[in-house]
Amino acid sequence: MATSFTFEDDKELVQQARTYVDAGTRIAWANVAQRMQRTGHNAKSLQERLRTLKKAWGNDIRRFPPSFYAQVRRPRGRPPAVTRQLRLGAATPKRQRTDTGDPAPLRSSGIYLPAATIFADVPREMVVQGTNKNPHRYAGELMPCGISSLIRELGELGNSDIFLDIGAGVGNVVVQVALGTNVNKAIGIEVCCDLYEVGVAMMSKSTSSRRLYKRAQLICKDAVDLRIASTPPYADASVVYWNNLLFEPQVIEHLKDELASMFLLQKLVSTLNFCPRHRDGYPNTFCRAFKLVKAFDLPCSWKADLQHGLAFQAYGTSAREHLQSQQAAIQRHSVYRWQVNSLSRDAITSLRGMHATLAQTRPPLVAVQGHFRRFLE
């Protein structure tokens with residue numbers, strides 16, 4: 001469900017509540033509503049909004065991300081009523097209908113708030129539930145603004161593209177890609193059943209559930225067991241996002257080989273540098289299949305610093321190029337086979353000639369051998 005709260009409203013609300021927490025007193029919601037009168041929210045809605053934020057970021061607002069304590073910037077020169085209307089319009093963007101009757105996809109900037117609202121009720125403990133001994137339990141999802149940056153880095157995604165997210169967590173990246181681009185389908189693979197169930201529940205009760213049912217899919221399986229290079233629909237993916245910073249080494253090596261074998265794969269975004277000495281022509285399976293295009297930073301929910309991302313481009317990016325190369329290889333193989341068969345036939349003919357010659361020379365040699373034995377006697 002969309003909300004009329006902007007991020008500036010959230011920042012001001014958290015900062016106002018922080019003053020009461022630091023003073024050790026209960027929050028006077030009437031006073032908070034009076035101070036935030038410009039936003040148009042009453043005391044009850046402010047209290048409910050803070051409760052929702054605590055579900056997402058934890059009960060201690062002093063541990064909220066630093067972005068909540070940045071300077072609040074308000075638009076100037078607009079009456080509060082006009083500002084509220086603009087906020088409501090931004091929170092519920094209008095979508096036109098396509099020829100097929102489905103809502104047209106929203107741009108990444110417009111889908112920012114609805115996609116974030118779908119997962120607003122997911123508690124922080126659900127996402128960050130790992131320990132130092134099992135860090136792979138961290139979901140480590142990207143922030144909504146980070147997903148928008150990721151979509152911009154990937155470029156335009158058309159209706160012929162299939163997006164694959166390995167280690168999808170609750171599926172927030174899959175949802176934002178499905179709603180914010182023209183991608184044919186967005187698929188997420190997650191090994192943790194609890195995260196998968198939460199993601200499916202959030203998607204099913206959202207206002208965009210119909211569109212997500214058609215264009216988004218979450219799968220609860222281990223990516224190692226799926227054989228993504230040869231099993232559809234994973235093998236049909238043209239764009240892959242892999243947040244693999246906390247994956248186990250043996251899983252990374254296995255999936256690297258699988259990705260290198262996907263001939264329809266065009267773009268790959270990884271959070272881990274597979275080969276620090278990556279360069280063209282390097283004797284490595286992954287380096288022979290991909291080339292490093294650029295590096296960028298993405299905000300992640302489970303760490304204060306920006307998460308590094310690496311964009312790779314596959315060599316021979318289209319299926320036509322792959323099929324042409326395969327056809328050329330088949331033709332070369334046919335030529336080699338014809339040459340080998342010709343040499344084999346010549347060798348067999350020569351052997352048969354040698355056999356006939358030996359058969360003709362054998363009787364005289366036997367006669368000479370007999371004469372020599374009689375001479376010795």
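Rules of the game
- Residues numbered from 1 in each chain as written.
- Predicted model: local features only at pLDDT ≥ 70, side-chain atom pairs only at ≥ 80, totals over all residues.
- Heavy atoms only, no water.
- Helix = DSSP H or I, 4+ residues; strand = E, 2+ residues; numbered from the N terminus.
- Buried < 20%, exposed > 50% of the residue type's maximum accessible area, 1.4 Å probe, protein only.
- Contact = heavy atoms within 4.5 Å.
- Areas by Shrake-Rupley, 256 points an atom, 1.4 Å probe, with all protein chains shown as cover.
- Axes fitted to C-alpha atoms, helices over the stretch in contact; angles between N-to-C directions.
- Parallel < 35°, antiparallel > 145°, perpendicular 65-115°, else oblique.
- Nonpolar A, V, L, I, M, F, W, Y, C, P; charged D, E, K, R; others polar.
- Pairing = 2+ DSSP bridges.
- Expected span 1.5 Å × (residues − 1).
- Arc of directions from axis to C-beta.
- Core = buried A, V, L, I, M, F, W, Y, C linked by side-chain atoms within 4.5 Å.
- Salt bridge = Lys/Arg side-chain N within 4 Å of Asp/Glu carboxyl O.

### Concerning the overall build of the chain
Working step 1: Tallying secondary structure elements over the chain gives 14 helices and seven strands in all.
Working step 2: The burial tally for the chain puts 38% of its 377 residues in the buried class.
Working step 3: Taking as baseline every contact in the chain between residues at least 6 positions apart, the subset at least 24 positions apart corresponds to 69%.
Working step 4: Of the roughly 22,100 Å² of accessible surface on the chain, 53% is carried by carbon and sulfur atoms.

### Concerning the packing of helix α1 (residues 7–23) against helix α3 (residues 43–57)
The description of two helices packed together rests on the angle between their axes and the distance between the axes.
Working step 1: Remark: α1 packs on α3, axes separated minimally by 11 Å, with the N-to-C direction vectors making an angle of 90°. In terms of axis orientation, α1 runs roughly perpendicular to α3. Of α3, the residues touching α1 (which contributes Asp10, Leu13, Val14 and Ala17) are Leu46, Arg49, Leu50 and Leu53.
Working step 2: Of the residues in the contact of α1 with α3, the class split is six nonpolar, no polar and two charged.

### A word on the sheet that holds strand β4 (residues 239–242)
Working step 1: Spatial strand order, β3-β2-β1-β4-β5-β7-β6: seven strands in an open sheet with mixed pairing. Every interior strand has two partners, whereas the edge strands, β3 (216–220) and β6 (290–299), have only one. Geometrically, the sheet is characterised by an average inter-axis angle of 15° between neighbouring strands, direction not taken into account.
Working step 2: Looking at chain direction, β6 and strand β7 (residues 306–314) are connected through nine bridges and run antiparallel. Bridging across to β7, Leu292 finds its partner in Phe312.
Working step 3: Contacts from helix α8 (residues 172–180) reach β1 (162–166), β2 (185–190), β3 and β4, with the element oriented near 180° to β2.
Working step 4: Across the face of the sheet, helix α9 (residues 193–204) comes into contact with β2 and β3 while running at roughly 155° to β3.

### Focus on the pairing of β7
Working step 1: By the bridge criterion, four bridges tie strand β5 (residues 267–270) to β7 in an arrangement that is antiparallel. Within β7, the position partnered with Leu268 by the bridge is Phe312.

### Describing α9
Working step 1: With twelve residues, α9 ought to run about 16 Å at 1.5 Å a step, and its terminal C-alpha atoms sit 16 Å apart, in line with that.
Working step 2: Those residues of α9 lying buried are Leu195, Val198, Gly199, Met202 and Met203. All buried residues of α9 project into a common sector of 130° when viewed along the axis, lining one side.

### Quick look at the nonpolar core
Working step 1: One finds Phe119, Leu150, Phe163, Val173, Val177 and Leu212 to be the most contacted residues of the largest nonpolar core, which totals 34 residues.
Working step 2: The greatest single-element share of this core, amounting to six residues, is contributed by α8.
Working step 3: The residues contacting Val177, other than those within four sequence positions of it, are Ile151, Leu157, Phe163, Val183 and Ala186.
Working step 4: Grouped together as the second largest cluster of nonpolar side chains are 27 residues, Ile219, Leu255, Met262 and Phe312 included.

### Some details on the pattern of salt bridges
Working step 1: In the structure shown here, the tally under the stated rule is seven salt bridges.
Working step 2: Two residues, Asp22 and Arg18, come together in a salt bridge whose shortest N-O distance is 2.9 Å. You can see Asp22 and its partner Arg18 sitting in helix α1, four residues apart, about one turn around the helix.
Working step 3: Arg63 serves as the salt-bridge partner of Asp60, at 4.0 Å between the closest nitrogen and oxygen.

Worth remembering: the numbers are spatial, not functional.
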